[in-house]
Each structure stands twice: as structure tokens, then as C-alpha cells.
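Structural description and commentary
Chain by chain, the residues:
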Amino acid sequence: MKTVYCAVIALLVSLVAVPNSSKANTNKEKETTTVSEKQVTIQYTGYNENSVVFRVSFDNPTAQKFSLIIKNEAGDILYQGQYNEANFTKAVHLLKEADEMNPTFVIRVGNQRIERSFKVNSTSSSSEDVVVTKL
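Residues numbered from 1 in each chain as written. Predicted model: local features only at pLDDT ≥ 70, side-chain atom pairs only at ≥ 80, totals over all residues. Heavy atoms only, no water.

1. Section: the nonpolar core
Grouped together as the largest cluster of nonpolar side chains are 20 residues, with contacts concentrated most on Val56, Phe58, Phe105 and Ile107. Every element with two or more residues in this core is listed here: strand 1 (40-47), strand 2 (51-59), strand 3 (66-71), strand 5 (87-95) and strand 7 (104-109). When residues in this core are grouped by element, the largest group, four residues, is from strand 2. Here Phe58 is in contact with Val35, Gln39, Val40, Phe66, Ala86, Asn87, Phe88, Ile107 and Val109, once residues within four sequence places are set aside. (Core = buried A, V, L, I, M, F, W, Y, C linked by side-chain atoms within 4.5 Å. Buried < 20%, exposed > 50% of the residue type's maximum accessible area, 1.4 Å probe, protein only. Helix = DSSP H or I, 4+ residues; strand = E, 2+ residues; numbered from the N terminus. Contact = heavy atoms within 4.5 Å.)

See below:
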């Protein structure tokens, strides 16, 4: 009788333990796939009187969650956003605070990072044509 009692207890323990261990291994999050340099495009598209404009594109076929981070030359974060679009495109307007700026664009997926840095020099000149007529 003692052997049957021990066998029943062992069976109950194994039945209770097996479902818990299988639940612990079920992870519903998407696996992170490798991101390549070719998937990220960052282009200078122009300027206006107060800002420099870049177009950021990320081909993200698995629609993974990713971050777009833009830093200045001192490493300060100018912009940070999270997205999960498959075909991401965003126009970014950076304020011209100086004649020279060095923005760095970072696309981060999990622990992978793709960085692109730029050097922007702007010179402004104003010319005024003045015509004086004698009356």
C-alpha cells in the first residue's frame, strides 16, 4: 500500500510540474531578426530658414518594434520614438541652431544598432541691391 501511495504522489507531482514548465517556455513575443545596413536609408532632402530636413526610411518586413534616435554631436538626444511599421518613412526637421551641426541617426532593433552620421555646414549670405535715383 505504501508503494502505491508513493507512486500516486509521484504521478501527481509530475502532472503538476509538466504543465508549469511548458507554460514557462511559451514566449509570445516576436523573435528579433537580423537588421542589415541596406534596410536603412537616410537622405538629406533640403532646408528652410529654420531647419534642415532629412528623410528616414526603414524597410522592416517583419514589422519589428524599433526605435529611431537622433543625437547631436555632444550625444544629447534630440528625438526618440518607437515604431513597428513595415515600411517606415519619416521626414525629420532639425532646427538649425548653429552654422555647423553633426546629427547622428540611430535605428535600434533589440540590441542591434545601425548608425548614420552627417556633417551639416550652412552659410548664409544676404545681398541687397540698392538703387538710388536723384530726384
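2. Some words on the sheet that holds strand 3
The strands that make up a sheet pair up through hydrogen bonds in the backbone, lying either parallel or antiparallel. Across the sheet, which stays open at both edges, the four strands sit in the order 4-3-7-8 with antiparallel pairing between neighbours. Among the strands making up the open sheet, the edge pair consists of strand 4 (77-83) and strand 8 (112-117). Averaged over all adjacent pairs, the angle separating strand axes in this sheet is 15°, with direction ignored. Examined bridge by bridge, strand 7 and strand 8 share six bridges and lie antiparallel to one another. Bridge pairing in strand 8 links Val106 to Glu115. (Pairing = 2+ DSSP bridges. Axes fitted to C-alpha atoms, helices over the stretch in contact; angles between N-to-C directions.)

3. So, the sheet that holds strand 2
Taken together, three strands build an open sheet; the order of strands is 1-2-5 and the sheet is antiparallel. Two strands bound the open sheet, and with one partner strand each, they are strand 1 and strand 5. Put simply, the sheet's adjacent strands are angled 20° from each other on average, direction ignored. For strand 1 and strand 2, the ladder comprises seven bridges, and the chain directions are antiparallel.

4. Topic: unusual backbone geometry
Of note, Ala63 is a non-glycine position whose phi angle comes to about 55°, a positive value. Topologically, Ala63 is positioned in the loop between strand 2 and strand 3.

5. Overview of the pattern of salt bridges
If you walk through the whole model with that rule in mind, you get three salt bridges. Arg116 is paired through a salt bridge with Glu37; the nearest N and O atoms lie 3.0 Å apart. Residue Arg116 is found in strand 8, and its partner Glu37 is found in the loop between helix 1 (2-25) and strand 1; the two are separated by 79 residues along the sequence. Glu115 is the partner of Arg113 in a salt bridge, and the nearest nitrogen-oxygen pair spans 2.8 Å. (Salt bridge = Lys/Arg side-chain N within 4 Å of Asp/Glu carboxyl O.)

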